There are 2 protein chains.
Amino acid sequence: MSIRIGILGYGNLGRGVECAVKQNPDMELAAVFTRRNPEDVKCLTETAKVCNVSEAEAWKDKIDVMIMCGGSATDLPEQTPKYAKLFNVVDSFDTHARIPEHFANVDAAAKESGHVGIISVGWDPGMFSLNRMYANAVLPEGNDYTFWGKGVSQGHSDAIRRIEGVKDAKQYTIPVDSALESVRKGENPELSTRQKHTRECFVVLEDGADAVKVEEEIKTMPNYFADYDTTVHFISEEELKEQHSGIPHGGFVLRSGVTGWNKEHKHLIEYNLKLDSNPEFTSSVIVAYARAAYRLHKEGQTGGKTVFDIAPAYLSAKTGEELRATML
Amino acid sequence: MSIRIGILGYGNLGRGVECAVKQNPDMELAAVFTRRNPEDVKCLTETAKVCNVSEAEAWKDKIDVMIMCGGSATDLPEQTPKYAKLFNVVDSFDTHARIPEHFANVDAAAKESGHVGIISVGWDPGMFSLNRMYANAVLPEGNDYTFWGKGVSQGHSDAIRRIEGVKDAKQYTIPVDSALESVRKGENPELSTRQKHTRECFVVLEDGADAVKVEEEIKTMPNYFADYDTTVHFISEEELKEQHSGIPHGGFVLRSGVTGWNKEHKHLIEYNLKLDSNPEFTSSVIVAYARAAYRLHKEGQTGGKTVFDIAPAYLSAKTGEELRATML
């Protein structure tokens, strides 16, 4: 029998989950839950139902894993614990500073109801976290580096869009090549924010807006841009649509460490991603962890989990024998 | 209380384990077991005992995890199941084709005696296997690529040393840059053996040996060199010692896959290692898994395990809370 998946929230991430479920023959999409009027939402999977989120409870026994596709700012802190009372859940909560609190809430709800709740799944947090952790366990003495990009930062794009006179905008985060190369050479550089990433902005102005003023406002924006070397390009709405409509991303996790009785040998561990679609890759990771949630629950496990707590084999559709014979 | 480690076999790998234990404050090296006369073997750790392998059974309750540092060809297939009857064990068995059989033997012995036996730990098999598996679970539709090097292959160096007229030799396996770049571009090339790696040999001849004949014999050696573009350099014994005494290695694991309803988005996952010392890095991975073996045993788990079966958090000295707060 297939693993029956539910999607709660049908934006970019929810659609990515739908596509990922299609690539995994041991799963099926049972239903999509939306806050909108279900009649206004059409999903791609013919066999799946579109329901209002208020109907979710009725699906309690018809969904094995509910995938939470809301945002980290306000949706997930409330939704993931709430739905963990009814379902096994997986979310992609990515506000790093609030993870301990979110974990505690999901853990309590999931334990009480006998479900599994896996939080902060995706690539960062997610695959990047795993690689940081494995690399630290293997090389206890060393330095960690994470670079993001080249890719679109939704948060920074939104911040530009809020500036008066801006009609639309896309912001790319770009790792600084020379910094990355220095890390790869084992030079263990101390890197400031400015030395690690640059920011490139493509901005469409409203008619009559003051370009000089907008550029100044972007470049001096605290937290978002002030600490970075930022480039601003003003382009037409057509160009933005044609050249910058994708949501690519990626990045690099490196650990540079030493071994030997006198720490005489250097080692470099690097993990990197180049992603055409940030939400679809995130969704693909989530769906693999949905398989894990299903299996852990079947084994009688309950409570909050992260990628650190789950043995890799749970993610794969292959059996232990198959994995040992083909991938070890 | 520290995790008490034993080392069985005190060659390059055993010495690497000793160095790695020193880097992990929650562990201590209790004893080294050797087939040689213990009085002829001096280990670096002042507090550790050197014993003959015949004394191992007497350490049954004084060692938490025995690390098996013999070779895969003849030592480990016999030793790992044998010592799994007495201890929790970790080995680095790397004969990929014989892993299923070795796993079955270790699993049976460990289950019977109530121990944990983790096999095939290191970087390949080991960290590379993990990365192949995670990447396949996340991107079910795609192609896998593994490149090794640049690094010293002991097996190929030994093969050259067995040729008549050869006094000493070192062989480097080198990935072909253009092949690696093609994979990184998402071109999904089909690569022959020759297209993936080249082999570079540094050879010291015996006095009066025929260089032309030796070179011919190397380049046409079946399995080892015949399918590769091989370069042979004849050098002096001094140069070999000065320039080629290290044991560096490394390599690349890549998965190139697609997502999206119509498979319209490409993704590339890459993991790579640059290692100054192959045995010390392998040992560092093994020692992290020794921590896992100790903890799994404490929880009451028994039997054979591989890297696929062990949740990442077991490898780290940090608690779940610490990991979530600092690495997720």
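Further up the page is the structure itself.
First things first, this report covers the structure right here in the doc. (Residues numbered from 1 in each chain as written. Chains lettered and ligands numbered in written order. Predicted model: local features only at pLDDT ≥ 70, side-chain atom pairs only at ≥ 80, totals over all residues. Heavy atoms only, no water.)

Notes on the packing of aromatic side chains
On inspection of all chains with the given rule, the structure shows nine aromatic pairs over all chains. Summarising the aromatic geometry, the rings of phenylalanine 33 of chain B and tryptophan 59 of chain B are spaced 5.9 Å apart at their centres and angled 85 degrees between planes, so their arrangement reads as edge-to-face. Of the two residues, phenylalanine 33 of chain B is situated in strand E2 (residues 27-34) and tryptophan 59 of chain B in the loop between strand E3 (49-52) and strand E4 (65-68); the sequence distance between them amounts to 26 residues. Judged on exposure class, the residue phenylalanine 33 of chain B and its partner tryptophan 59 of chain B are both buried. Judged by centre distance (5.7 Å) and plane angle (85 degrees), the rings of tyrosine 172 of chain B and phenylalanine 202 of chain B are edge-to-face. Pair noted here: tyrosine 172 of chain B is in strand E9 (residues 166-175) and phenylalanine 202 of chain B is in strand E10 (residues 197-205), with a separation of 30 residues, a long-range link. As far as burial versus exposure is concerned, tyrosine 172 of chain B and phenylalanine 202 of chain B are alike and both buried. Taking NZ or CZ as reference, lysine 196 of chain A lies 5.3 Å from the ring centre of phenylalanine 147 of chain A, over its face. Directly above the aromatic system of tyrosine 228 of chain A lies the positively charged group of arginine 199 of chain A, at a separation of 4.1 Å from the ring centroid. (Phe/Tyr/Trp six-rings, centres within 6.5 Å; stacked < 30°, edge-to-face > 60°. Helix = DSSP H or I, 4+ residues; strand = E, 2+ residues; numbered from the N terminus. Buried < 20%, exposed > 50% of the residue type's maximum accessible area, 1.4 Å probe, protein only. Lys NZ or Arg CZ within 6 Å of the ring centre and 35° of its normal.)

A few points about the pairing of strand E11 (residues 229-234) of chain A
All names here are of chain A. Looking at chain direction, strand E10 (residues 197-205) and E11 are connected through six bridges and run parallel. Paired with phenylalanine 202 across the strands is histidine 233, a residue of E11. Remark: the E10/helix H8 (residues 211-219)/E11 crossover connection has right-handed handedness. (Pairing = 2+ DSSP bridges. Right-handed = clockwise from strand over helix to strand, strands pointing away.)

With respect to helix H6 (residues 177-184) of chain A
Residue and element names in this part refer to chain A. Among the residues of H6, those classed as buried are Ala179, Leu180, Ser182 and Val183. Here the buried residues of H6 occupy an arc of 160 degrees about the axis, which is enough to place them on one side. Within H6, the exposed residues directed more than 90 degrees away from the buried face are Asp177 and Ser178. Those residues of H6 that are buried lie in contact with strand E7 (142-148), helix H7 (193-196), strand E12 (249-259) and strand E13 (265-275). (Arc of directions from axis to C-beta. Contact = heavy atoms within 4.5 Å.)

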